[in-house]
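Below, each chain spelled out in residue letters.
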Amino acid sequence: MASAAEQMAANLSWSTFGKAKDLQSRILFAIGLLVVYRIGTYIPVPGIDASRLQSFFQQQSAGIGGMLNMFTGGAVSRMAIFSLGIMPYISASIIVQLLTSMVPSLGALKKEGEAGRKKINQYTRYGTVLLATFQAYGLAVGLESQGLATDPGWFFRFGVIITLVGGTMFLMWLGEQITARGIGNGISLIIFTGIVANFPHALALFFTQGRSGALSPALILGVMVLVVAVIAFVVFMERALRKIHIQYPKRQVGMKIYGGESSNLPIKVNPAGVIPAIFASSLLLLPATITTFAGSAGSGSGWLSYVAAYMGHGQPLYLVLFGALIVFFSYFYTANVAFKSDDVADNLKKQGGFIPGIRPGQQTIDRLDYIVTRILVIGSAYLAAVCMLPEVLISRFSLPFYFGGTSLLIVVSVTMDTITQIQSHMLAHQYEGLIEKSRLRGKGRGKPRR
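Quick caveat: nothing in here was measured; it's all calculated off a predicted structure.

Asker: Before we move on, could you go through the overall build of the protein chain and cite the residues and values that matter?
Answerer: When its secondary structure is counted, the protein chain shows 17 helices and 4 strands. Going through the 450 residues of the protein chain one by one, you find that 43% of them count as buried. Pairs at least 24 apart in sequence give 76% of the contacts found in the protein chain among residues at least 6 apart. Counting every atom, the protein chain has about 23,800 Å² of accessible surface; 63% of that belongs to carbon and sulfur.

See the structure below:
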């Protein structure tokens, strides 16, 4: 039989949503801030030659420029104030999390609770400023080298650095506000909005190429089938679970026996979600951004020419680095954030639960680590396959827009996560309504009769 929570979740409807005023305000707040983000992608950086910039990105749209545009919602092609996007913040988060697991002082700071978490977030913000400044300076120099600056010089460079770093810090603040006062993960929703905003233009360009004969009908049909198949595969894998049987001991109080129940500990096949793909893409975008603006493969310096040549879509070096980073971050993020075996084992021990045949404590931790490590073999391979297969197809068939497994993975995963959070808020609202009704009935029964 279904539990009470499952029955309530099945009865969620639009009428329930209409009564959840707090949820509605959260959704409207998140949508409002995302609209502010989209407006910022149309505000250009001062001192840019718009006509030359447009012609430059028409040449780069099928390459790394398309990937940069995907993560920034088209801000790079317009050289807007949000051209760096949220990627410097994500890169800084990766570095700080790596240092936390490697440096003992940072590891101890992480265990201090809320105060330690605030300190680590402060270090992450400092790292975001440094990375954004470095990338903004590289973009300014690259814009000058491509002849896209109307008045090149140090004044132009300082203007670009201040504008782009300020835009990134503002986006970071927007993401934190959406997470705290809106619905869903703010950083993921910003990336999601940028990707979805480019879909209509990408589809229009794709079908225009088909009408002109540049793409065959078989290729168009194959791409559409591939998109549907990837979405279905992502949904299936994101909902896949490995359930661990948990047993609770019996205890006797007087003449009655309590406990002796059993339950399941669900572990997702992909506990890290879309985070490894975002982390890997953000790290690979750093050298790609420099090579895109610092010169083409034929006219740039020697080492930039090699980087630009071997870091393109479908190139062996790019695919190897991309796949390796996805696998690494799948294990790293799961072990440090998504599923901490020692914390789970400690909670089971406090609740009196245990895995049948496994002693509480270190044996439980070892058992959980063993299970999660085996599950992640499938989970990380699934992430790498979804993200890398379209990369090969792009380089093989030269599609006119950036169709990547990373983009579909982010869109599907963020959508599922946001819907789950909305359902959780609606379920909590139903529980609050039931508790309030029970209190009113209790007060009514307690009144003396006259």
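Asker: So what about helix α6 (residues 87–102)? Which residues, and what values?
Answerer: For α6, spanning 16 residues, the distance from its first C-alpha to its last is 23 Å, which sits close to the expected 22 Å at 1.5 Å a residue. Within α6, the full set of buried residues consists of Met87, Pro88, Tyr89, Ile90, Ser91, Ala92, Ser93, Ile94, Val96 and Thr100.

Asker: Tell me what's going on with the nonpolar core, and back it up with residues and numbers.
Answerer: One finds Ile86, Ile90, Ile191, Ile244, Leu368 and Leu409 to be the most contacted residues of the largest nonpolar core, which totals 75 residues. Inspection of this core shows a minimum of three residues originating in each of domain 1 (21–211) and domain 2 (215–423). Setting aside residues up to four positions removed in sequence, Ile244 forms contacts with Ser263, Asn264, Leu265, Ile267, Ile355, Leu368 and Ile371. Judged by nonpolar contacts, the second largest core, of 20 residues, contains Val45, Phe56, Leu148 and Ala149.

Asker: Give a detailed account of the pattern of salt bridges, specifying residues and quantitative values.
Answerer: This structure, assessed with the given rule, holds 5 salt bridges. With a closest N to O distance of 3.0 Å, Glu176 and Arg125 form a salt bridge. Here Arg125 lies in helix α8 (residues 114–145) and Glu176 lies in helix α9 (residues 154–181), a separation of 51 residues in the sequence. For Arg125, a relative accessible area of 30% puts it in the partly exposed group. Of the charged contacts, one joins Lys350 and Asp346 as a salt bridge, the two residues approaching to 3.3 Å between their closest N and O atoms. Of this pair, Lys350 and Asp346 both sit in helix α15 (residues 341–351), separated by 4 residues, roughly a single helical turn.

Asker: I'd like to hear about the environment of Ser380, residue by residue, with values.
Answerer: When you line up the elements, Ser380 lands in helix α16 (residues 362–397). In the structure, Ser380 is positioned 108 residues away from Ala272 in sequence and 9.2 Å away in space, judged by C-alpha atoms. Ignoring anything within four residues of it in the chain, the contact list for Ser380 reads Ile326, Val327, Ser330 and Tyr331.

Asker: Provide a residue-level description of the environment of Val337, including the pertinent values.
Answerer: Note that Val337 resides in helix α14 (residues 316–338). Along the chain, Val337 and Pro271 lie 66 residues apart, while their C-alpha atoms are 9.5 Å from each other.

Asker: Pulling in residues and values, what's your account of the confidence of the model for the protein chain?
Answerer: Confidence in the prediction of the protein chain, expressed as mean pLDDT, is 79, and 77% of residues score 70 or more. When the elements of the protein chain are averaged for pLDDT, helix α1 (residues 4–10) gives the smallest value, 46, and α9 the largest, 91. Confidence drops under a pLDDT of 50 for residues 1–9, and excluding neighbours within four residues, the segment shows 8 contacts in the predicted structure. In this model, residues 296–300 is a region of pLDDT below 50 whose contacts with residues beyond four sequence positions or in other chains number 4 contacts.

Asker: I'd love a proper account of the packing of aromatic side chains, names of residues and values included.
Answerer: Taken as a whole and judged by the stated rule, the model has 10 aromatic pairs. Pairing Phe82 with Phe170 gives two aromatic rings, centres 6.1 Å apart and planes at 10°, and the pair type is stacked. With Phe82 in the loop between α5 (64–72) and α6 and Phe170 in helix α9, this pair connects stretches of sequence that are 88 residues apart. Look at Trp154 and Phe158: their rings are 5.8 Å apart centre to centre, the planes differ by 40°, and that puts the pair in the tilted class. In this pair, Trp154 and Phe158 are both assigned in helix α9, 4 residues apart and thus about one turn of the helix distant. Through pairs of rings, three or more aromatic residues link up here, namely Phe279, Phe328, Phe329, Phe332 and Tyr333. The residue whose ring lies beneath Arg78 is Tyr42, and the NZ or CZ to ring-centre distance is 3.9 Å. Here the basic side chain of Arg157 rests over the ring of Trp154, its NZ or CZ set 4.7 Å away from the ring centre.

Asker: An account of a negative patch on the surface is requested, with residue identities and associated values reported.
Answerer: A grouping of Asp342, Asp343, Asp366 and Asp369 is seen on the molecular surface, where their side chains present a negatively charged patch. If you list the elements that add at least two residues to the negative patch, you get α15 and α16. The class for Asp366 is partly exposed, based on a relative accessible area of 43%.

Asker: Provide a residue-level description of the packing of helix α3 (residues 21–40) against α9, including the pertinent values.
Answerer: Two elements in contact, α3 and α9, have axes separated by 9 Å at closest approach and are oriented at 170°. Taken together, α3 and α9 sit at an angle that is classed as roughly antiparallel. For the pair α3 and α9, contact is made by Arg26, Phe29, Ala30, Leu33, Leu34, Val36 and Tyr37 and by Phe170, Leu171, Leu174, Gln177, Ile178, Ala180 and Arg181, respectively. Here the residues of the contact of α3 with α9 sort into 11 nonpolar, 1 polar and 2 charged.

Asker: Just give me the short version of unusual backbone geometry, but keep the residues and values in it.
Answerer: The residue Met79 is not glycine, and still its phi comes out positive at about 45°. If you trace the backbone, Met79 turns up in the loop between α5 and α6. Residue Met79 is classed as buried on the basis of its relative accessible area of 1%.

Asker: Residue-level account of α3, with values.
Answerer: Across its 20 residues, α3 extends 29 Å between first and last C-alpha, which sits within 8% of the 28 Å expected from 1.5 Å per residue. Here α3 has its buried residues at Leu23, Ile27, Ala30, Leu33, Leu34, Tyr37, Arg38 and Gly40. Down the axis of α3, the buried set is contained in an arc of 160°. They therefore lie on one face. Facing away from the buried side of α3, by more than 90 degrees, are the exposed residues Lys21, Leu28 and Ile39.

Asker: Any details on the side chain of Ser380? Residues and values, ideally.
Answerer: Relative accessible area serves as the criterion here: at 4%, Ser380 is assigned to the buried category. Reaching out from Ser380, the side chain makes a polar contact with the backbone oxygen of Leu376 at a distance of 2.6 Å.

Calculation rules
Residues numbered from 1 in each chain as written. Predicted model: local features only at pLDDT ≥ 70, side-chain atom pairs only at ≥ 80, totals over all residues. Heavy atoms only, no water. Helix = DSSP H or I, 4+ residues; strand = E, 2+ residues; numbered from the N terminus. Buried < 20%, exposed > 50% of the residue type's maximum accessible area, 1.4 Å probe, protein only. Contact = heavy atoms within 4.5 Å. Areas by Shrake-Rupley, 256 points an atom, 1.4 Å probe, with all protein chains shown as cover. Expected span 1.5 Å × (residues − 1). Core = buried A, V, L, I, M, F, W, Y, C linked by side-chain atoms within 4.5 Å. Domains from an automatic or database assignment. Salt bridge = Lys/Arg side-chain N within 4 Å of Asp/Glu carboxyl O. pLDDT = per-residue confidence, 0-100. Phe/Tyr/Trp six-rings, centres within 6.5 Å; stacked < 30°, edge-to-face > 60°. Lys NZ or Arg CZ within 6 Å of the ring centre and 35° of its normal. Patch = residues over 30% accessible without salt bridge, like charges linked within 9 Å, V, L, I, M, F, W, Y side chains within 5 Å. Lys, Arg positive; Asp, Glu negative; His and termini not counted. Charge placed at Lys NZ, Arg CZ, Asp CG, Glu CD. Axes fitted to C-alpha atoms, helices over the stretch in contact; angles between N-to-C directions. Parallel < 35°, antiparallel > 145°, perpendicular 65-115°, else oblique. Nonpolar A, V, L, I, M, F, W, Y, C, P; charged D, E, K, R; others polar. Arc of directions from axis to C-beta. Polar contact = N/O pair within 3.5 Å; in protein donor to acceptor, adjacent residues only side chain to side chain.

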